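Geometric and topological summary
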Amino acid sequence: METPILTPIQARARQQAGAILVDTREAHERSTGIAASALGVAGPGLEAAPDEVIPHPDSEVLLICEVGARSLASARALAAAGYSNVGSGEGGTRRWRAEGLPMTEPQIDPDERDFNERYSRHLLLPEVGADGQRRLAKARVALVGAGGLGSPSAYYLAAAGIGQLDIADDDVVDRSNLQRQILHTEARIGMAKVESAAIALSALNPRMRIHPMAARVTGDNVEALIGEADVVVDGGDNFAVRYLLNDACVKLGKPLVYGAVHRFTGQVSVFDAGRHRGRYPCYRCLFPEPPAPEDAPNCSEAGVLGVLPGVIGMLQATEVIKLILGIGESLRGRLLNFDAMDMRFRETLLSPDPACPVCSPGTPFPGYIDYAAFCSGN
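A short tour of the structure in this document, coming up.

Rules used throughout
Residues numbered from 1 in each chain as written. Predicted model: local features only at pLDDT ≥ 70, side-chain atom pairs only at ≥ 80, totals over all residues. Heavy atoms only, no water. Buried < 20%, exposed > 50% of the residue type's maximum accessible area, 1.4 Å probe, protein only. Helix = DSSP H or I, 4+ residues; strand = E, 2+ residues; numbered from the N terminus. Pairing = 2+ DSSP bridges. Right-handed = clockwise from strand over helix to strand, strands pointing away. Polar contact = N/O pair within 3.5 Å; in protein donor to acceptor, adjacent residues only side chain to side chain. Contact = heavy atoms within 4.5 Å. Axes fitted to C-alpha atoms, helices over the stretch in contact; angles between N-to-C directions. Parallel < 35°, antiparallel > 145°, perpendicular 65-115°, else oblique. Left-handed = near helix turned anticlockwise from the far one by under 90°. Nonpolar A, V, L, I, M, F, W, Y, C, P; charged D, E, K, R; others polar. Phe/Tyr/Trp six-rings, centres within 6.5 Å; stacked < 30°, edge-to-face > 60°. Expected span 1.5 Å × (residues − 1).

**Some points on the pairing of strand β9 (residues 164-168)**
Among the five residues of β9, five are classified as buried, and the element is accordingly described as predominantly covered. Residues of β9 alternate between two faces, with Q164, D166 and A168 on one and L165 and I167 on the opposite face, all of them buried. Summarising the sheet, strand β8 (residues 140-144) and β9 pair through five bridges and their orientation is parallel. Bridging across to β9, L143 finds its partner in I167. Following the backbone out of β8, through helix α9 (residues 150-160) and into the adjacent parallel β9, one traces a crossover that is right-handed. Here five bridges tie β9 to strand β10 (residues 209-213), and the two strands are oriented parallel to one another.

Below is the structure:
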């Protein structure tokens, strides 16, 4: 038997005649308004325990969702379970509202309404939902570098609802940055990058707290920057910063989301040896010694495809969000390489170095060194 599909006007008439109207959307969706006198029960919950809502298997029940698809699926599931008089509202709540039928508009705190509207697409994901979104809102991320990698990472973390972002960079905006560093604009040339970043990110998501630090990260201040962070993002452009961040993250037990770009290639990984000694590698396990300066020129010397940091920085932001939510499989123990010219990704498995001077089990922290001298070979 086909499931009856009723127009909003027909559904309203049947409701007034005694039919039970059930809004099967999720709670955060119903918070923006619900058809007058409708019961609010999410579809999966209704299908799991229909007897808690429907008095008898032959009671007339009409289901409504946002546009009609989910309510129709739930109606068919109830029919298969033996409920013989279940229909679905055509066009859902959107059409109900558009046709001027009565709605119950809940009194909701403006902050809660902004939360529900801003993150509605996250809230629809079972892997995120309201609990996960609140976890993101409580999270604190430290980002070193507000340039090519830091720009897309910061933008997507702000959009995703990270609660606080601590950004460190000692540079100012230059016109040559604008080809790839999308946080910045022509009007902010000469401004400290962290200030420019704060302006851009606050405009995107005013809910986010931003702590800018216009300073170079050193052994003296690195722990103050990352000590309270849940995740650390390496958006730097030199080996000295990468080794410093790695060592500090191992010492403090912080996951480090690494990214690097060169000309047309980039790579991403997660180094989490501080929390998993002997199980996952750190950056020093991968690169025990830095390359000679002539073998690893920076972007100002070798150039870089403008969109490349966008790809790598976006992947870094993805790893940050997964780590905070505790979902999926992170890049711990894996190095993801991207070749923009051939449009290919290649994965390399990484193992911890049992002789690593920083992360091998039982090894005391050796202290911060002169990383600039270490990376220059002096």
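**Focus: the side chain of R25**
Here R25 lies in the loop between β2 (20-23) and α2 (27-30). At 2.8 Å, the side chain of R25 forms a polar contact with the side chain of E66. Every residue in contact with R25, bar those within four places of it in the chain, is listed here: R30, T32, G33, I34, V41, A42, I64, C65, E66, R70 and T93.

**Description of the sheet that holds β2**
Pairing in this open sheet of five strands is parallel, and the strands run β1-β6-β5-β2-β4 from one edge to the other. The two strands at the open ends of the sheet, each matched to only one other strand, are β1 (5-6) and β4 (39-40). Both β2 and β4 contribute to a ladder of two bridges, which runs parallel. The residue bridging V22 from the neighbouring strand is L39, located in β4.

**Some points on the packing of α9 against helix α10 (residues 193-204)**
The interhelical angle for the contact between α9 and α10, taken along N-to-C directions, is 30°, at an axis separation of 9 Å. On the basis of their axis angle, the class for α9 and α10 is roughly parallel. The crossing of α9 and α10 is right-handed. For the pair formed by α9 and α10, the contact residues are A154, Y155, A158 and A159 on the first element and A200, L201 and L204 on the second. Partitioned by chemical class, the residues of the contact of α9 with α10 number seven nonpolar, no polar and no charged.

**A closer look at the packing of aromatic side chains**
Aromatic ring pairs: the centre-centre distance and the angle between the two ring planes describe each pair. Evaluation of the coordinates by the stated rule reveals nine aromatic pairs. On the numbers, 5.6 Å between centres and 70° between planes, the contact of F115 with Y119 is edge-to-face. Comparing F115 with Y119 shows no difference in burial state: the two are buried. Summarising the aromatic geometry, the rings of F365 and Y368 are spaced 5.0 Å apart at their centres and angled 70° between planes, so their arrangement reads as edge-to-face. We classify Y368 as partly exposed; its relative accessible area is 24%. An aromatic cluster is built from Y243, Y258, F271, Y283, F287 and F374, whose rings are joined through pairwise contacts.

**Concerning α10**
Between its first and last C-alpha atoms α10 spans 17 Å; for twelve residues at 1.5 Å apiece the expected length is 16 Å, and the two agree. All of the buried residues in α10 are K193, V194, S196, A197, A198, A200 and L201. Buried-residue contacts for α10 involve α9, β9 and β10.

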